[in-house]
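# Coordinate inspection notes
Letter by letter, the chains look like this.
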Amino acid sequence: MSQNTQPTGSARTVNAVDRGGLDIKSLVLLAVLLAAGFILNFTVGKAISAVSGGAIAPEFIISAFCLTILIVRPNLLQALVIGLISAAVIQVTTTSPGIDFVAEGVAAAVMALIVNAGMSTGAKAIIPTVGTFVTTFLSGFIFMVIKMAMMGFATELAAVMMPVIALTAVFNAILVGALCLPVRKALGLND
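Read on for a plain summary of the structure. Because the structure is predicted, anything quoted here is derived from the model rather than measured.

Helix and strand counts for the protein chain stand at six helices and zero strands. In sequence order, the protein chain lays out its α and β elements as α-α-α-α-α-α. Across the 191 residues that make up the protein chain, the buried fraction comes to 38%. In the protein chain, once contacts between residues fewer than 6 apart in sequence are set aside, the share between residues at least 24 apart is 71%.

Shown next, in the form of C-alpha cells:
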C-alpha cells in the first residue's frame, strides 16, 4: 500500500516537460498571425502588388505560418496541420481553390524541417530568413506546377509566375527575418 507523504490540504504540483506542439497558446498565436496576414493581404499586399506592377505579390499568410513555425517549433505532422489551416484561410481569396492545400501543406512541413534542423546550429541567425525564402518559393512553385497541369502545361505561365514567386519569396524572407526576434522577445521566449 502506498503512503501519501504530502501534507493534508496542500496543493499537488505536477511537473511536465513542454516538448512544443500545438497547444491552445500555439493555436491562438497561429490564429492571430493568420488574421493579421489575411488583413495585410487585402490592404498592404494589394498596394505592393499594384505599385510593383504585379511583380511582387506578398502572401502574408505564408509569412504568418512561417513565423508561427519558428516560434512554436512543431513536429512534421503539426506543421502539416498549420499549413492546412493556413490553406483554408487562403481559400477565401484565392483564384484557384484547392491548390493551396497541397502547396501550403508541403511548404509548412519543409519549414518545420528547416527550423528543427537549423535552430540548434550556428546558422540559427539566418534560419528565419532562409527558411521563409525556401518555404515561400516552394509554395509558389508547387502552386505554379499544379496550375500549369490544370491548364495543359501552359509553359508561358511559368515565365510569368517565376519572377513573381522569387520576388515574393525575397519579400517574405525579409519580413519574417525582421519580425522573428521581436515577436519572440514580445512573447518572452528565449533562444
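Attention now goes to the packing of helix H1 (residues 24–51) against helix H2 (residues 60–72). Geometrically, a packed helix pair is captured by the angle between its two axes and the distance between the axes. Between H1 and H2, the least distance of the axes is 7 Å, while the angle of their chain directions is 155°. Looking at the two axes, H1 sits roughly antiparallel to H2. Crossing geometry of H1 relative to H2 is assigned as right-handed. On H2, the residues touching Ser26, Leu29, Leu30, Leu33, Leu34, Gly37, Phe38, Leu40, Asn41, Val44 and Gly45 of H1 are Phe60, Ile61, Ala64, Leu67, Thr68, Ile71 and Val72.

Next up on the list: the packing of aromatic side chains. The final tally for this structure, using the stated rule, is three aromatic pairs. Here phenylalanine 38 and phenylalanine 42 contribute two aromatic rings whose centre-to-centre distance is 5.0 Å and whose plane-to-plane angle is 85°, an arrangement assigned as edge-to-face. In this pair, phenylalanine 38 and phenylalanine 42 both sit in helix H1, four residues apart, roughly one turn of the helix. We classify phenylalanine 42 as partly exposed; its relative accessible area is 44%. Considering the side-chain rings of phenylalanine 60 and phenylalanine 171, the 5.9 Å spacing of their centres and the 80° angle between planes classify their relative orientation as edge-to-face. Here phenylalanine 60 is found in helix H2, whereas its partner phenylalanine 171 is found in helix H6 (residues 155–186), with 111 residues between them in sequence. Under the relative-accessibility criterion, phenylalanine 60 is labelled buried at 5%.

Turning next to the layout of surface pockets. Picture a little ball the size of a water molecule; that probe, rolled over the atoms, points out where space is still empty. If you add up the space inside the largest pocket, you get close to 830 Å³. Lining the largest pocket are 27 residues; nearest its centre among them are Ala57, Pro58, Glu59, Phe143 and Val164. Contributing elements (two or more residues each) for the lining of the largest pocket: H1, helix H4 (99–118), helix H5 (127–150) and H6. With six residues, H6 is the single largest residue contributor to the lining of the largest pocket. Considering only residue class, the lining of the largest pocket consists of 11 nonpolar, 11 polar and five charged.

Here helix H3 (residues 76–90) contains 15 residues, and its C-alpha end-to-end distance of 21 Å stays within 8% of the 21 Å for a straight helix at 1.5 Å per residue. Looking at H3, one finds that the buried residues are Ala79, Ile82, Gly83, Ser86, Ala87 and Ile90. In an axial view of H3, the angular spread of the buried residues amounts to 135°, which keeps them on one side of the axis. Turning to H3, the residues buried within the fold contact H1, H2 and H4. For H3, the capping residue at the N-terminal end is asparagine 75, with a side-chain oxygen 3.1 Å from the backbone nitrogen of leucine 77.

Criteria and thresholds
- Residues numbered from 1 in each chain as written.
- Predicted model: local features only at pLDDT ≥ 70, side-chain atom pairs only at ≥ 80, totals over all residues.
- Heavy atoms only, no water.
- Helix = DSSP H or I, 4+ residues; strand = E, 2+ residues; numbered from the N terminus.
- Buried < 20%, exposed > 50% of the residue type's maximum accessible area, 1.4 Å probe, protein only.
- Contact = heavy atoms within 4.5 Å.
- Axes fitted to C-alpha atoms, helices over the stretch in contact; angles between N-to-C directions.
- Parallel < 35°, antiparallel > 145°, perpendicular 65-115°, else oblique.
- Left-handed = near helix turned anticlockwise from the far one by under 90°.
- Phe/Tyr/Trp six-rings, centres within 6.5 Å; stacked < 30°, edge-to-face > 60°.
- 1 Å grid on protein atoms, 1.4 Å probe; cavity = no way out; pocket = protein on both sides within 12 Å on 5 of 7 lines; lining within 4 Å.
- Points joined across faces, edges and corners; volume = space filled by probe spheres on them.
- Nonpolar A, V, L, I, M, F, W, Y, C, P; charged D, E, K, R; others polar.
- Expected span 1.5 Å × (residues − 1).
- Arc of directions from axis to C-beta.
- Polar contact = N/O pair within 3.5 Å; in protein donor to acceptor, adjacent residues only side chain to side chain.

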